[in-house]
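Summary of the model geometry
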Amino acid sequence: MSTIEQPPGAVPHPPTGEQFLEVQASPQFQDLRSRLRRFVFPMTAFFLLWYALYVLLGAFAHDFMATEVWGNINVGLILGLLQFVTTFVITGLYVRFANRDLDPRAEAIRDEMEGPVNS
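This write-up is about the structure you can find in this document. (Residues numbered from 1 in each chain as written. Predicted model: local features only at pLDDT ≥ 70, side-chain atom pairs only at ≥ 80, totals over all residues. Heavy atoms only, no water.)

Concerning helix H2 (residues 27-60)
Spanning 34 residues, H2 covers 48 Å between terminal C-alpha atoms, matching the ideal 50 Å at 1.5 Å per step. Within H2 the residues assigned to the buried category are Leu32, Phe39, Trp50 and Leu57. (Helix = DSSP H or I, 4+ residues; strand = E, 2+ residues; numbered from the N terminus. Expected span 1.5 Å × (residues − 1). Buried < 20%, exposed > 50% of the residue type's maximum accessible area, 1.4 Å probe, protein only.)

A few points about the pattern of salt bridges
Summed over all chains, the structure comprises four salt bridges. With a closest N to O distance of 3.2 Å, Asp31 and Arg105 form a salt bridge. Of the two residues, Asp31 sits in helix H2 while Arg105 sits in helix H4 (residues 75-114), which places them 74 residues apart along the sequence. One salt bridge in this structure joins Arg110 and Asp111, with 3.9 Å as the shortest N-O distance. The exposure class of Arg110 is partly exposed, given its relative accessible area of 32%. (Salt bridge = Lys/Arg side-chain N within 4 Å of Asp/Glu carboxyl O.)

Right under this line is the structure:
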C-alpha cells in the first residue's frame, strides 16, 4: 500500500468502539484520568478562589484596593496584574505536569491500543 492511500504512522485497522470502552475501563486509563483530576480540580479551585477574592476586594474594600504602593500604582492594580501572572504560572505548571506525567501514560495507552506511531 502506498503512502498516499495510508500515511506513515496511520493505524491499519482503527480501534472499534468496544476497544475504546475496554481501554477506558483499564487501570492505566483510570490512573491517567485520576492524575489529571488531582491536578486540574485543585488548581481550578485555587484560581477561582483567588479571582473571587480579587473581585470581592474590589467591590467591598475600596480603601484597601486604592492604597498607593508606589506613585500611581495601587494595591488593586498590583492584584489585577497578579491575576495574569497567576494564569501564566498555572499554564506553565500544567504544561510541565502534562509533559512529565500525562503524555507518557497517554502515549503508552495509545501505543497499546493502536500500535506505536512512526515519527
